[in-house]
Amino acid sequence: MPESSTSGASIELENLTKRYPGSPSPAVDNVNMEIQAGEIVIFVGPSGCGKSTTLKMINRLIEPTGGRIRIGGEDVTGIDPVKLRRKVGYAIQSAGLFPHMTVAQNIALVPKMVGWPKRRIKSRVEELLDLVGLDPGEFHGRYPRQLSGGQQQRVGVARALAADPPVLLMDEPFGAVDPITRDHLQDELIRLQHELHKTIVFVTHDFDEAIKLGDRIAVLRERSHIAQFDTPEAILTNPADDFVSGFVGAGAALKRLNLTRVRDVEIQDYPTVTIDDPLQEFFNKLRSSGTNEILLLDKRRRPYKWLRRGDLMRAKGSLARAGTLVHDTVTRDATLRDALEAVLTDNAGRVAVTGRRGEYDGVVDMETLMNSVHELLEADRLEAMEHQHELEEARATQTHAEQEGDGGEKKA
Amino acid sequence: MSDVNFWEYLGTRHQQLLTDAFQHASAVFQCMVVATVLGVLIGVVTYRSEWAGNLATTTTSTILTIPSLAMIGLLIPIVGLGVPPTVIALTLYGLLPIVRNAIVGLRGVDATLVDAATGIGMSRPMRLVRIELPLAWPPILTGIRVSTQMLMGIAAIAAYASGPGLGNEIFRGLASLGSRNALNQVLAGTLGIIVLALLFDAAYVLIGRLTIPRGIRA
Ligand SMILES: Nc1ncnc2c1ncn2[C@@H]1O[C@H](COP(=O)(O)OP(=O)(O)OP(=O)(O)O)[C@@H](O)[C@H]1O
Ligand SMILES: [Mg+2]
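Residues numbered from 1 in each chain as written. Chains lettered and ligands numbered in written order. Predicted model: local features only at pLDDT ≥ 70, side-chain atom pairs only at ≥ 80, totals over all residues. Heavy atoms only, no water.

Under an unreviewed UniProt entry, the name given to chain A is ABC-type quaternary amine transporter, and the source organism is Streptomyces cupreus. One UniProt comment on chain A, placed under Sequence similarities (unreviewed entry), says "Belongs to the ABC transporter superfamily." (UniProt positions renumbered as here; feature names shortened; annotations may be inferred.)

**Here's the deal with the layout of surface pockets**
Rolled over the atoms, a probe with the dimensions of a water molecule shows which regions are left empty. All names here are of chain A. When its volume is computed, the largest pocket comes out at roughly 1500 Å³. Around the largest pocket sit 41 residues that line it, and D187, I190, K212, R261 and D333 are the ones nearest its centre. Sorting the residues of the lining of the largest pocket by element identifies helix 7 (179-196), helix 8 (207-213), helix 9 (232-237) and helix 14 (336-345) as the ones contributing at least two each. Ranked by residue count, the leading element in the lining of the largest pocket is helix 7, at 13 residues. A domain-level breakdown of the lining of the largest pocket finds at least three residues from each of domain 1 (11-249) and domain 2 (250-412). In this model, the second largest pocket occupies a volume close to 430 Å³. Lining of the second largest pocket is provided by 21 residues; of these, Q228, D230, A234, N238 and H387 occupy positions nearest its centre. For the lining of the second largest pocket, the secondary-structure elements that each account for two or more residues are strand 10 (226-230), helix 9 and helix 15 (366-411). Per element, the largest residue contribution to the lining of the second largest pocket is 8 residues, and it comes from helix 15. Both domains that furnish three or more residues to the lining of the second largest pocket are identified here as domain 1 (11-249) and domain 2 (250-412). (1 Å grid on protein atoms, 1.4 Å probe; cavity = no way out; pocket = protein on both sides within 12 Å on 5 of 7 lines; lining within 4 Å. Points joined across faces, edges and corners; volume = space filled by probe spheres on them. Helix = DSSP H or I, 4+ residues; strand = E, 2+ residues; numbered from the N terminus. Domains from an automatic or database assignment.)

**Brief notes about the site of ligand 1**
Residue and element names in this part refer to chain A. Near ligand 1 you find Y20, A27, S47, G48, C49, G50, K51, S52, T53, E172 and H205, and these make up its full shell. Between ligand 1 and G50 there is a distance of 2.9 Å, counted from an oxygen atom to a backbone nitrogen or oxygen. Residue S52 places a side-chain N or O atom 2.6 Å away from an oxygen atom belonging to ligand 1. In the complex, 56% of the free accessible area of ligand 1, which totals 640 Å², lies under the protein chains. Of the residues in the shell around ligand 1, the class split is 3 nonpolar, 6 polar and 2 charged. (Near = heavy atom within 4 Å. Polar contact = N/O pair within 3.5 Å; in protein donor to acceptor, adjacent residues only side chain to side chain. Areas by Shrake-Rupley, 256 points an atom, 1.4 Å probe, with all protein chains shown as cover. Nonpolar A, V, L, I, M, F, W, Y, C, P; charged D, E, K, R; others polar.)

**Quick word on helix 7 of chain A**
Residue and element names in this part refer to chain A. With 18 residues, helix 7 extends 25 Å from end C-alpha to end C-alpha; this agrees with the ideal 26 Å at 1.5 Å per step. Within helix 7, the full set of buried residues consists of T181, L185, Q186, E188, L189, L192, Q193 and L196. Mapping the buried residues of helix 7 onto a view down its axis gives an arc of 170°, with all of them on the same face. Turned more than 90 degrees away from the buried face of helix 7 sit P179, I180 and H194, all of them exposed. Next to the buried residues of helix 7 lie strand 3 (40-44), helix 4 (118-131), helix 6 (149-161), strand 7 (167-171), strand 8 (199-204) and helix 8. Once helix 7 finishes, H197 follows within two positions and takes phi at roughly 55°, a positive value. (Expected span 1.5 Å × (residues − 1). Buried < 20%, exposed > 50% of the residue type's maximum accessible area, 1.4 Å probe, protein only. Arc of directions from axis to C-beta. Contact = heavy atoms within 4.5 Å.)

**Quick look at empty space enclosed by the protein**
Residues and elements named next belong to chain A. Using the criterion set out here, one finds 4 cavities of 30 Å³ or more in the structure. If you add up the space inside the largest cavity, you get close to 60 Å³. Along the walls of the largest cavity sit V132, R154, V157, F174, L185, E188, L189 and L192, which together make up its complete lining. Looking at the lining of the largest cavity, the elements with two or more residues in it are helix 6 and helix 7. Counting residues per element, the lining of the largest cavity draws most heavily on helix 7, which supplies 4 residues.

**As for the side chain of B:T46**
All names here are of chain B. Relative to the helices and strands, T46 resides in helix 1 (residues 6-46). For T46, a relative accessible area of 10% corresponds to the buried category. Filtering out sequence-adjacent residues up to four positions away, T46 remains in contact with A52, G53, A56, I103 and R107.

**Quick word on the packing of helix 5 (residues 111-119) of chain B against helix 6 (residues 124-157) of chain B**
For any two helices packed against each other, one specifies the inter-axial angle together with the distance between the axes. Residues and elements named next belong to chain B. Packing of helix 5 against helix 6 brings their axes to within 10 Å, and their N-to-C directions diverge by 165°. Here helix 6 runs roughly antiparallel to helix 5, going by the angle between their axes. Relative to helix 6, the crossing made by helix 5 is right-handed. Contacts between helix 5 and helix 6 involve L113, V114, A117 and T118 from the first element and R127, I131, E132 and L135 from the second. Of the residues belonging to the contact of helix 5 with helix 6, the class tally is 5 nonpolar, 1 polar and 2 charged. (Axes fitted to C-alpha atoms, helices over the stretch in contact; angles between N-to-C directions. Parallel < 35°, antiparallel > 145°, perpendicular 65-115°, else oblique. Left-handed = near helix turned anticlockwise from the far one by under 90°.)

So this is what it looks like as structure tokens:
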């Protein structure tokens, strides 16, 4: 991305209300919310609770019947909605690409509307395709129907980002793709956000998706009432009420593993030899490390084989034939859940951690994982208790102040 | 059987036949242009509202139930003989398939695409021109094609009001049934219309190729 890329703007919703004509109760009732610049906020909640309605009021695709919206401090409730929408990226389920336009034409729409020069639009399209992981040369001229669901979704995200808006609204953007593709797209969104720092409001049904993507999650109940608006950690370890815990579902501790990355836990150093080292080195390392297993790396220092003391004997001294192949590795960016999965399926209960280019970085085993998880949960618990304590104190001072305020008013 | 061979007849009368055919085609073509513009316009104005759309469809289909001979007969006292009643009748008959297909096509545009278009900041006219009309174009073009086929036949009736076209040939033949060239005249007029219809249809296939975007071509 160029350095000129716009980062996020704050969003404030104030008493936001939507009453559809002919319906007795409002679909969205008095929502108040402050979303900070550069954060990803996820709306989750049961079907029909008003997530989409709330989201679409932010770009006034649905006109609110009451309340205000401020973006970057500016009240946008009264401005020209067409202008507003050109400054707010919008991505929806199954991408919503225009089938009669090529990928490049779809992406170029908003920059064209806001009057970018041709040359700039062209380079922007290439840049965005690259950013969402599609080869510009290959995909540029394709029509949407010539793309897979996941590729369409990427183009949808690229189109939403095209004119570099500070705010991105996403309504179940990954709702219509298979779980594996969804996982990839989520990872990609995390990576993008790492570079772009947009303010993203993201609607989903899927609580796991919310945990994975959200800086904060707003759990909504009917009429968009906020049941809890907090970090994923806080919601997992300290759900506000039964409604929220119902939504979190079973296995909160396991879900917690999704929130921590391998880089956040202690990675062990393991004795290694590379395939080019002389055999003597292997025996020296074994002796000096006091273990009876060693990790053999290939020429590019990628984990290759687990070698035990006896393996070499059995293979008659040939490194090429000895040991068991490393079949699974995790990166430092993998979640602890991925790591646990790998460790559980490994018959010796450990997995090699690799760097960017697949090079050896360390090893995680069952014991490390168990200890880390216990520490994490304990820390969460403490934090939640502290948080609750603060809230109670704040409430107490408020009540106190209100009582005093009453007295003051009477006097005046 | 007629006394004069049909091919001989064509040979002697081809000048007149070509003029008639040209006038026939030209009348249909011009009326189709007007009907298309009007029909799409009516569709665009009415498709969004349930009752307006239905009213437009019902009105145009009512027109179609009036026998064309009666329609032209009714128009003669108002606008006189010749070209005017022909043009008016053809345009009115041509409207129905276009209006109906325009409304169906525009209403059939995927709601999520309309939502996406608005959501990325298109104004209403822009959305109509860039998204809705292009996506509704294939059914509209089908409507235009159906209309043209229909008008080819109806235009023949125009000769009744001294209008232009191959209908003259047919009427002349019918008026002098039993005479030497009667059957040849009717046959030449009818075949001429069929040939014209086929030529127009081929043109529409070409137009479809050129105007339907590749991304939505079947
Ligand atoms: N155009 C409309 N007219 C009347 N009522 C509507 C309209 N759109 C939505 N509603 C109602 O408003 C409520 C909230 O709808 P909304 O689409 O915001 O829900 P949602 O949380 O996005 O649901 P889902 O998860 O199924 O997408 C629902 O009860 C719905 O029936
Ligand atoms: Mg929704």
